[in-house]
There are 2 protein chains.
Amino acid sequence: MEALNAAELLAALGHESRLAIFRLLVEAGPEGLFASAIGEKLTLPPATLSFHLSHLSRVGLIRGQRESRFIHYSAEFSTMDDLIAFLTDNCCQNEVCLPKTAACATTEKRRSRLVKASTRTAPTAIDSE
Amino acid sequence: MEALNAAELLAALGHESRLAIFRLLVEAGPEGLFASAIGEKLTLPPATLSFHLSHLSRVGLIRGQRESRFIHYSAEFSTMDDLIAFLTDNCCQNEVCLPKTAACATTEKRRSRLVKASTRTAPTAIDSE
DNA sequence: TCCATAGTTAAAGTATTCTCGAATTATAAA
DNA sequence: TTTATAATTCGAGAATACTTTAACTATGGA
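Residues numbered from 1 in each chain as written. Chains lettered and ligands numbered in written order. Predicted model: local features only at pLDDT ≥ 70, side-chain atom pairs only at ≥ 80, totals over all residues. Heavy atoms only, no water.

(A) Region of interest: unusual backbone geometry. Residue and element names in this part refer to chain A. A positive phi is found at Thr43, a non-glycine position, where the angle reads about 45°. Secondary-structure assignment places Thr43 in the loop between α3 (35–42) and α4 (46–59). A relative accessible area of 66% means that Thr43 is categorised as exposed. (Helix = DSSP H or I, 4+ residues; strand = E, 2+ residues; numbered from the N terminus. Buried < 20%, exposed > 50% of the residue type's maximum accessible area, 1.4 Å probe, protein only.)

Laid out in structure tokens, this is it:
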């Protein structure tokens, strides 16, 4: 996987159709789904579906693999994980967070998996493994 | 806070400047920062900064509060938390995830805090308390 | 009151993204 | 072969989003 921009990942998910596709694949788990199944569930025209699938693939959130005439898509869980880690990393300057902010509480657990890539004032890239 | 769309939250974060603003505020913690301090750190023209601050405010990711001549912004941690919960909710159909997918592992911990709002094929809203 | 500062809003131009029909590629079956 | 199916790429129009200058509002101090 390439070094990628967190903003790019978030922008990719920041669209109803792409988010729906991604959630479908997250729910489906490692087995994933065929493109046609996704298209049926979401009733998207083939060209539109393909556009969004390739966008999600490009940023590394999903992965497609041809199987005979079909293409089999699955979520890239590690990318999602890196993204979540990025969002919560260095939360509250690593001080103890307020009771409500569970997001911060998980930061420590994720930290070990985190590839450090963000500078403090210009957060930019996530290097995946 | 209003019922909001997860895609809207993600789209709001899916822009370099807004993500940088948000991360700055996440790092700053509950104390937050003045708008002017954000502008200086990121060197954004006032109008541009204001545009992005109001976008982030509108979707509920940050909050601004006037303090004399300054406006004091802080991250809405609960919104970020809801968003992360949404992303990982129902991951792998709640089966045990592969070793790598820590995002799934945290789903259970977050579930208790989750306001159920997503339908399976058309994920849409996050109701924040 | 008048001026300076912090920040927002308005408006308009520019750029980017989204959608979907039509054409195209890849595979498989008749 | 020829035909059918699964999916992608092309291309052009429509819709959104981004940036910026200029004008405006709000607050505080001289």
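Anyway, onward from the coordinates.
(B) A look at the protein's contact with DNA strand D. Near DNA strand D lie 19 residues; those nearest to it are Ser36, Ser50, Arg69 and Tyr73 of chain A together with His52 of chain B. At the protein interface, 78% of the atoms of DNA strand D within 4 Å belong to sugar or phosphate. Ser50 of chain A is positioned such that a nitrogen or oxygen atom in its side chain is 2.6 Å from a phosphate oxygen of DNA strand D. Taking Tyr73 of chain A, its side chain carries an N or O atom lying 2.4 Å from a phosphate oxygen of DNA strand D. Going through the elements one at a time, α3, α4 and β4 (70–75) of chain A together with α4 (46–59) of chain B are the ones with two or more residues in the surface near DNA strand D. (Near = heavy atom within 4 Å. Polar contact = N/O pair within 3.5 Å; in protein donor to acceptor, adjacent residues only side chain to side chain.)

(C) Representation of the sheet that holds β4 of chain A within the structure. Residue and element names in this part refer to chain A. The sheet built from 3 strands is open, its strands ordered β2-β4-β3 with antiparallel pairing. Every interior strand has two partners, whereas the edge strands, β2 (33–34) and β3 (62–67), have only one. Note that β2 and β4 share 2 bridges and pair antiparallel. Its bridge partner lying in β4, Leu33 is registered against Tyr73. (Pairing = 2+ DSSP bridges.)

(D) Seen up close, the protein's contact with DNA strand C. Not every one of the 20 residues close to DNA strand C is listed here, only the nearest: Arg18 and His52 of chain A together with Ser36, Ser50 and Tyr73 of chain B. Within 4 Å of the protein, the contacting atoms of DNA strand C are drawn from sugar and phosphate to the extent of 75%. Interatomic distance of 3.4 Å between a backbone N/O atom of Ala35 of chain B and a phosphate oxygen of DNA strand C. In this structure, Tyr73 of chain B approaches DNA strand C through a side-chain N or O atom, which is 2.5 Å from a phosphate oxygen. Looking at the surface near DNA strand C, the elements that each hand over two or more residues are α4 of chain A together with α3 (35–42), α4 and β4 (70–75) of chain B.

(E) Spotlight on the packing of aromatic side chains. In this structure the tally under the stated criterion is 2 aromatic pairs over all chains. Centroid distance Phe34 of chain A to Phe70 of chain A: 5.2 Å. Interplanar angle 50°. Geometry classified as tilted. Of this pair, Phe34 of chain A sits in strand β2 while Phe70 of chain A sits in strand β4, and the two are 36 residues apart along the sequence. Geometry around Phe86 of chain B places Arg23 of chain A over its ring, the cationic atom sitting 5.1 Å from the centre. (Phe/Tyr/Trp six-rings, centres within 6.5 Å; stacked < 30°, edge-to-face > 60°. Lys NZ or Arg CZ within 6 Å of the ring centre and 35° of its normal.)

(F) Region of interest: the packing of helix α2 (residues 16–28) of chain B against α4 of chain B. Residue and element names in this part refer to chain B. Two numbers describe how α2 lies on α4: the axes approach to 10 Å, and their chain directions differ by 70°. Our classification of the angle between α2 and α4 gives roughly perpendicular. In the crossing of α2 with α4, the sense of the turn from one axis to the other is right-handed. For the pair formed by α2 and α4, the contact residues are Ser17, Arg18 and Ile21 on the first element and Leu49, Phe51, His52, Leu53, His55 and Leu56 on the second. (Axes fitted to C-alpha atoms, helices over the stretch in contact; angles between N-to-C directions. Parallel < 35°, antiparallel > 145°, perpendicular 65-115°, else oblique. Left-handed = near helix turned anticlockwise from the far one by under 90°. Contact = heavy atoms within 4.5 Å.)

(G) Structural view of the nonpolar core. Within the largest apolar cluster, 70 residues are counted, with the highest numbers of intra-cluster contacts made by Ile38 of chain A together with Ile38 of chain B. In contact with Ile38 of chain B, other than residues within four places in its own chain, are Ile21, Leu24, Leu25, Leu33, Leu49, Leu53 and Tyr73 of chain B. (Core = buried A, V, L, I, M, F, W, Y, C linked by side-chain atoms within 4.5 Å.)

(H) Up close: the pairing of β4 of chain B. Residues and elements named next belong to chain B. In this sheet, β4 lies alongside strand β3 (residues 62–67) in antiparallel orientation, the contact comprising 6 bridges. Note on β4: the bridge partner recorded for Gln65 is His72. Two successive antiparallel strands, β3 and β4, enclose a turn made up of 2 residues, where Ser68 displays a positive phi of approximately 55°.

(I) Spotlight on the packing of helix α1 (residues 6–13) of chain A against helix α1 (residues 6–13) of chain B. For the pair α1 of chain A and α1 of chain B, interaxial distance at closest approach is 7 Å and the crossing angle is 155°. Here α1 of chain A lies roughly antiparallel to α1 of chain B, going by the angle between them. In the packing of α1 of chain A onto α1 of chain B, the handedness of the crossing is left-handed. Here Ala7, Leu10, Ala11 and Leu13 of chain A of α1 of chain A come into contact with α1 of chain B, specifically with Ala7, Leu10, Ala11 and Leu13 of chain B.

(J) Structural detail: the environment of Leu44 of chain B. For Leu44 of chain B, the position within the fold is in the loop between α3 and α4. Separated by 27 residues in sequence, Leu44 of chain B and Ser17 of chain B place their C-alpha atoms 8.4 Å apart.

(K) Molecular detail of the sheet that holds β4 of chain B. Residues and elements named next belong to chain B. Pairing in this open sheet of 3 strands is antiparallel, and the strands run β2-β4-β3 from one edge to the other. Whereas interior strands pair on both sides, the edge strands pair on one side only; in this sheet they are β2 (33–34) and β3. Each of β2, β3 and β4 is contacted by α2, which is oriented at about 80° to β4, the strand it contacts most.

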